Amino acid sequence: MSGTVQSVIDVRHLLKTLSVEQLNHTADEYFAKFDNPVTVGRLLAKPFISLRDAPGLLISFANVLQGLHLSAHQTILDFGAGPGWATRYFTQMGLKAIACDVSMRALNIAKKGFEIFPIQGPHHKPQFLHFDSHKLDLPDESVDRIYCQDAFHHVPNQGEVLNELARVLKPGGIAGFSEPGPNHSRSEQSQLEMRQHTVIENDIILEEIWPLAQKAGFSDIRVGYFTPILTLMTMQEYNDHVYENAPLPAHCSLPLQAILRERRLFFLYRFHRGAPSYRQGSGLRAELRVELPTTPIRAHEPFDVTVHVRNTGEAAWLQQNISPIGAYKIGVRFPKRLLSRAKRDFTRIPLPPTMKCAYLPGDEITVSATLPGLPRGRHRLLFDMVSEAVCWFEDRGSKATSVTVEVH
């Protein structure tokens, strides 16, 4: 006798019949089954939990990592952290990581993971944050980045949660997501999860999420081309595609298209999409006006200057109060001539702190500073903005301000 055919669960109906609090409870109950060393150990092995899933998880993690444009000592919120494997990696990389989840049991497992797999070398102590699905217990504009791996499709109140994510994200911040696609709820595994565990396995439809994100305060969205499989072709097919602009052969393009239909890798940007991409040096332009002292400048004696700076580019200049990499400063250097790069550098002038955490396009700053003394004679100095260990703005198309200094 054949078994009973079960009806397909409509995730939209489930969303209408279950409260947020009920779903928080079922999420916590899900992790209750990992109550012994064997099952906890297996869960903590993620992303190496299985040979089948490891490649996709690792590639997805790496893709989101690239898109977040991280730098050391930034604060990152691991939203829907579960057993905290990503939190552990973020901590190991020198970030201030916050593991956030609706399940207290999951957070306790994550804490245990740090005991079993201790972080090597100096690091920031991770924070563990229980989320009630309504309010994040974090101050406004307190995190630099948000990472979300396969958690947002469990969120029943997407609009409310996006409001919270935007609230805690600093200006110029990025929220990166790797989620299943628009047909996720109808997959066999999703149906099984919803039937057995009473969890939400929602469809991720960017055309519905983006309006909610805009309303929450995000200004831009970008979608990643996610390819978690190795695509092999003949040498001739490869050369034709790379050098002759031939289309990918069908045996390569069809599997990729199937993956792209069922996966969504996307990034939401707070205020300015170019703002966090300081490592790429894109959208960086400035106008500088320099005022020299009216009194004579004496040889080898420090002298005062006033610099008026205006952000004329598309990128925000993020404050870097801890890590020197990417810090925005006014740089003063000598013209090229025959000087080496090291000898051209004269001095740096830090930007004053701003309550907005970033100087946005159009912002103007006035900075007073004392420069080191110069030998007697006429000297030409170039004033330019610099992103430390990344680039001088002049190298990205901006124009440096030339000033002639007469030293008596």
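Residues numbered from 1 in each chain as written. Predicted model: local features only at pLDDT ≥ 70, side-chain atom pairs only at ≥ 80, totals over all residues. Heavy atoms only, no water.

1. Notes on the overall build of the protein
Test applied: Helix and strand labels come from DSSP, where a helix needs a run of H or I of at least four residues and a strand needs a run of E of at least two; each type is numbered from the N terminus. Think of it in three bands: with a 1.4 Å probe and only protein chains considered, a residue is buried below 20% of the maximum accessible area for its type, exposed above 50%, and partly exposed in between. Here, residues are in contact when the closest pair of their heavy atoms is within 4.5 Å. Accessible surface area values rest on a Shrake-Rupley calculation with a 1.4 Å probe, where residue burial reflects the displayed protein chains alone.
Helix and strand content of the protein: 12 helices and 17 strands. Principal-axis analysis of the C-alpha atoms places the extent of the protein at approximately 105 × 55 × 40 Å. Per-residue burial for the protein yields a buried fraction of 49% across its 408 residues. The long-range fraction of contacts in the protein, counting pairs at least 24 apart against all pairs at least 6 apart in sequence, stands at 75%. In the structure as shown, the protein presents an accessible area of about 20,900 Å², 54% of it carried by carbon and sulfur atoms.

2. Describing the sheet that holds strand β9 (residues 303-311)
The pairing of strands in a sheet comes from backbone hydrogen bonds and takes either a parallel or an antiparallel form. This is how the line gets drawn: Should DSSP find at least two bridges between two strands, the strands are taken to pair. The angle between two axes is taken between their N-to-C directions and runs from 0 to 180 degrees, where each axis is a line fitted to C-alpha atoms and a helix contributes only its stretch in contact.
Strand order across the open sheet formed by three strands is β8-β9-β14, with antiparallel pairing between neighbours. Each edge of the open sheet carries a strand with a single partner, namely β8 (286-291) and β14 (364-371). For this sheet the average axis-to-axis angle between neighbouring strands, irrespective of direction, equals 25 degrees. Of the strand pairs in this sheet, β8 and β9 are connected by six bridges, and their pairing is antiparallel. Its bridge partner lying in β9, L288 is registered against V309.

3. Quick notes on the side chain of E193
Formally: Under the counting rule used here, the positive set is Lys and Arg, the negative set is Asp and Glu, and His together with the chain ends is not counted. Each salt bridge in this description consists of a side-chain nitrogen of Lys or Arg and a carboxyl oxygen of Asp or Glu lying within 4 Å of one another. Under the rule applied, a polar contact is a pair of N or O atoms within 3.5 Å (in protein, one hydrogen donor and one hydrogen acceptor; residues adjacent in sequence only if both atoms are side-chain atoms).
Locating E193 in the fold gives a position in helix α8 (residues 188-197). One buried charged side chain, E193, makes no salt bridge at all; its nearest oppositely charged neighbour is K33, positioned 6.0 Å away. A distance of 2.9 Å separates polar atoms of two side chains, one belonging to E193 and the other to Q189. The residues contacting E193, other than those within four sequence positions of it, are Y30, T198, V199 and E201.

4. Some details on the packing of helix α4 (residues 54-68) against helix α5 (residues 85-92)
Going by this rule: To sort the angles, those under 35 degrees are grouped as roughly parallel, those over 145 as roughly antiparallel, those from 65 to 115 as roughly perpendicular, and the leftovers as oblique. In a left-handed crossing the near helix is turned counterclockwise from the far helix by less than a right angle, and in a right-handed crossing that turn is clockwise. Amino acids outside the nonpolar list (Ala, Val, Leu, Ile, Met, Phe, Trp, Tyr, Cys, Pro) and the charged list (Asp, Glu, Lys, Arg) are all regarded as polar, and Gly is one of them.
Viewed as axis vectors pointing N to C, α4 and α5 meet at an angle of 50 degrees, and their least axial separation amounts to 13 Å. In terms of their interaxial angle, α4 and α5 are classed as oblique. Viewed along their axes, α4 and α5 form a crossing whose handedness is right-handed. For the pair α4 and α5, the contacting residues are L57, F61 and L65 in the first and W85, A86, Y89 and F90 in the second. Within the contact of α4 with α5, the residues separate by chemical class into seven nonpolar, no polar and no charged.

5. A few points about the packing of aromatic side chains
Test applied: Only rings of Phe, Tyr and Trp enter the pairing, Trp through its six-membered ring, and a pair is recorded when the two centres are within 6.5 Å. The plane angle decides the type: under 30 degrees is stacked, over 60 is edge-to-face, the rest tilted. The rule is short: NZ of Lys or CZ of Arg within 6 Å of the ring centre and within 35 degrees of the ring normal puts a charge over the ring.
Throughout the structure, instances matching the rule amount to 17 aromatic pairs. For the ring pair Y30 and F34, a centre distance of 6.0 Å and an interplane angle of 65 degrees mean the geometry is edge-to-face. Each ring, one from Y328 and one from F393, has its centre 6.2 Å from the other, and the planes form 80 degrees; the classification is edge-to-face. Of this pair, Y328 sits in strand β11 (residues 328-333) while F393 sits in the loop between β16 (391-392) and β17 (401-407), and the two are 65 residues apart along the sequence. Like F393, Y328 is buried. The residue whose ring lies beneath R333 is W392, and the NZ or CZ to ring-centre distance is 3.9 Å.

6. Describing the side chain of H184
Mapping H184 onto the fold places it in the loop between β5 (169-180) and α8. H184 has contacts with H153, S190, E201, N202 and D203, leaving out every residue within four places of it along the chain.

7. Quick notes on the pairing of β17
Judged by which residues are buried, β17 turns out to be one-sided: T401, V403, V405 and V407 face inward and are buried, whereas S402, T404 and E406, on the alternate face, are not. Two strands pair when backbone bridges link them, and strand β15 (residues 377-387) and β17 are joined in this way by seven bridges, in the antiparallel orientation. The partner of H379 across the bridge, within β17, is V405.

8. Quick notes on the nonpolar core
Worth spelling out the cut-off: Here, the term nonpolar core denotes a set of buried Ala, Val, Leu, Ile, Met, Phe, Trp, Tyr and Cys residues that are joined through side-chain atoms within 4.5 Å.
Ranked by size, the top nonpolar core spans 33 residues in total, and within it V307, W317, I330, L351, F383 and M385 carry the most contacts. Those elements giving two or more residues to this core turn out to be β8, β9, β11, β12 (345-350), β14, β15 and β17. Contact partners of L351, with chain neighbours within four places excluded, come to W317, Y328, K329, I330, Y359, I365, V367 and M385. Membership of the second largest hydrophobic core comes to 32 residues, among which are V143, V155, V161 and F218.

9. So, the confidence of the model for the protein
This is how it is decided: What pLDDT conveys is the predictor's confidence in a given residue, as a value from 0 to 100.
For the protein, the mean per-residue pLDDT works out to 88, and 91% of the residues sit at or above 70. Note that residues 272-280 has pLDDT below 50 and, in this model, 34 contacts with residues that lie over four places away or in other chains.

10. Describing the sheet that holds strand β4 (residues 143-149)
Ordered by their spatial adjacency, seven strands build an open sheet running β3-β2-β1-β4-β5-β7-β6, and the pairing between neighbours is mixed. For this open sheet the edge positions go to β3 (127-130) and β6 (218-224), each flanked by a neighbour on one side alone. Each neighbouring strand pair of the sheet contributes to a mean axis angle of 20 degrees, computed without reference to strand direction.

11. A look at the pattern of salt bridges
Summed over all chains, the structure comprises 18 salt bridges. With a closest N to O distance of 3.0 Å, R222 and D220 form a salt bridge. Note that R348 and E388 form a salt bridge whose closest N and O atoms lie 2.7 Å from each other. Remark: E388 occurs in the loop between β15 and β16 and R348 occurs in strand β12; sequence separation between them is 40 residues.

12. Some details on the environment of P350
With respect to the secondary-structure elements, P350 resides in strand β12. Judged by relative accessible area, which is 54%, P350 ranks as exposed. Remark: the alpha-carbon pair of P350 and V367, spanning 17 residues in sequence, is separated by 8.6 Å. Those residues in contact with P350 that sit more than four places away from it in its chain are K329 and V367.

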